[in-house]
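Given next are the chains, with one letter for each unit.
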Amino acid sequence: SVAEWALPEFGILEFDYASLQRPPCGTAAMHGDTFEALLKVLWESTCEVPSKLASLRARSSVMYLTSVQVREILGFFKTSEDRADLFVMFNTRIVDRQNGKLWRVRFERDEEVRSLQERLGYASFYPYIQPENARFELD
């Protein structure tokens, strides 16, 4: 339980901060040509995946993406952990959340979805517009 847990004296302690704040209405997503250039750089880069994610994280606060763009960029990362980290970065930067089914398909396994729900919060990850075919496990 939380009452029994003690903060370790050494090691790394990580937190995911999850905000429910969304882009203001009318916020423009990254222009298509700019996004294509970003994808090209990601594809051609010889950097390791952690470096690519770190560079995206450094710029994510000034980038807004459409659901289609999120789906495309998620496709560049092979592991579910990398896709989850990327999605956590851009979760609040998606300008058309009503089209969430476009990026949800990149998370195929129930375990991936549950992990994101736990990291971002169930309210943040809930498919309000199209809840069909979604699974929920609440206590």
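A brief report on the enclosed structure follows. (Residues numbered from 1 in each chain as written. Predicted model: local features only at pLDDT ≥ 70, side-chain atom pairs only at ≥ 80, totals over all residues. Heavy atoms only, no water.)

### A few points about the overall build of the protein chain
Then, in step 1: Helix and strand counts for the protein chain come out as 7 helices and 0 strands.
Then, in step 2: Going from the N terminus to the C terminus, the protein chain shows its helices and strands as α-α-α-α-α-α-α.
Then, in step 3: Once the C-alpha set of the protein chain is aligned to its principal axes, its extents read approximately 55 × 40 × 30 Å.
Then, in step 4: A buried classification covers 29% of the 139 residues belonging to the protein chain. (Helix = DSSP H or I, 4+ residues; strand = E, 2+ residues; numbered from the N terminus. Buried < 20%, exposed > 50% of the residue type's maximum accessible area, 1.4 Å probe, protein only.)

### Brief notes about helix H1 (residues 32–44)
Then, in step 1: An ideal rise of 1.5 Å per residue puts 18 Å on 13 residues; H1 measures up with 18 Å between its terminal C-alpha atoms.
Then, in step 2: All of the buried residues along H1 are Phe35, Leu39 and Leu42. Viewed end-on, H1 has its buried residues packed into an arc of 60°, placing them on one side of the element. Exposed positions of H1 whose direction lies more than 90 degrees from the buried face are Asp33, Lys40, Val41 and Glu44.
Then, in step 3: Those residues of H1 that are buried are in contact with helix H2 (49–59) and helix H3 (67–74). (Expected span 1.5 Å × (residues − 1). Arc of directions from axis to C-beta. Contact = heavy atoms within 4.5 Å.)

### Things to note about the packing of H3 against helix H4 (residues 80–90)
Two measures define how a pair of helices packs: the angle their axes make with one another and the distance between the axes.
Then, in step 1: Contact pair H3 / H4: the axes reach a minimum separation of 10 Å and the direction vectors enclose 150°. In terms of axis orientation, H3 runs roughly antiparallel to H4. Crossing handedness for the pair H3 and H4: right-handed. From H3, Val70, Ile73 and Leu74 reach across to H4, where they touch Arg83, Leu86 and Phe87.
Then, in step 2: Among the residues forming the contact of H3 with H4, the class breakdown is 5 nonpolar, no polar and 1 charged. (Axes fitted to C-alpha atoms, helices over the stretch in contact; angles between N-to-C directions. Parallel < 35°, antiparallel > 145°, perpendicular 65-115°, else oblique. Left-handed = near helix turned anticlockwise from the far one by under 90°. Nonpolar A, V, L, I, M, F, W, Y, C, P; charged D, E, K, R; others polar.)

### Structural notes on the pattern of salt bridges
Then, in step 1: Evaluated as defined, the whole model comprises 4 salt bridges.
Then, in step 2: A salt bridge links glutamate 112 to arginine 83, with the shortest nitrogen-to-oxygen separation between them at 3.1 Å. Of this pair, glutamate 112 sits in helix H6 (residues 110–120) while arginine 83 is found in helix H4, placing the two residues 29 residues apart along the sequence.
Then, in step 3: For glutamate 112, a relative accessible area of 7% translates into the label buried.
Then, in step 4: Judged by its relative accessible area of 13%, arginine 83 is buried.
Then, in step 5: Among the ionic pairs, glutamate 111 bridges to arginine 114, the shortest N-O distance being 3.9 Å. One end of the pair, glutamate 111, and the other, arginine 114, are both in helix H6, 3 residues apart, so they sit about a helical turn from each other. (Salt bridge = Lys/Arg side-chain N within 4 Å of Asp/Glu carboxyl O.)

### Looking at the environment of valine 68
Then, in step 1: Along the chain, the position of valine 68 falls in helix H3.
Then, in step 2: Each C-alpha atom of the pair valine 68 and glutamate 108 lies 17 Å from the other, and the pair is 40 residues apart in sequence.

### Here we look at the packing of aromatic side chains
Then, in step 1: Considering all chains together, one arrives at 3 aromatic pairs under this definition.
Then, in step 2: Centroid distance tryptophan 43 to phenylalanine 76: 5.9 Å. Interplanar angle 85°. Geometry classified as edge-to-face. In this pair, tryptophan 43 is assigned in helix H1 and phenylalanine 76 in the loop between H3 and H4, connecting sequence segments 33 residues apart.
Then, in step 3: Overall, the relative accessible area of 68% leaves tryptophan 43 in the exposed class.
Then, in step 4: With a centroid separation of 5.6 Å and an interplanar angle of 75°, the aromatic rings of phenylalanine 87 and phenylalanine 107 are classed as edge-to-face. (Phe/Tyr/Trp six-rings, centres within 6.5 Å; stacked < 30°, edge-to-face > 60°.)

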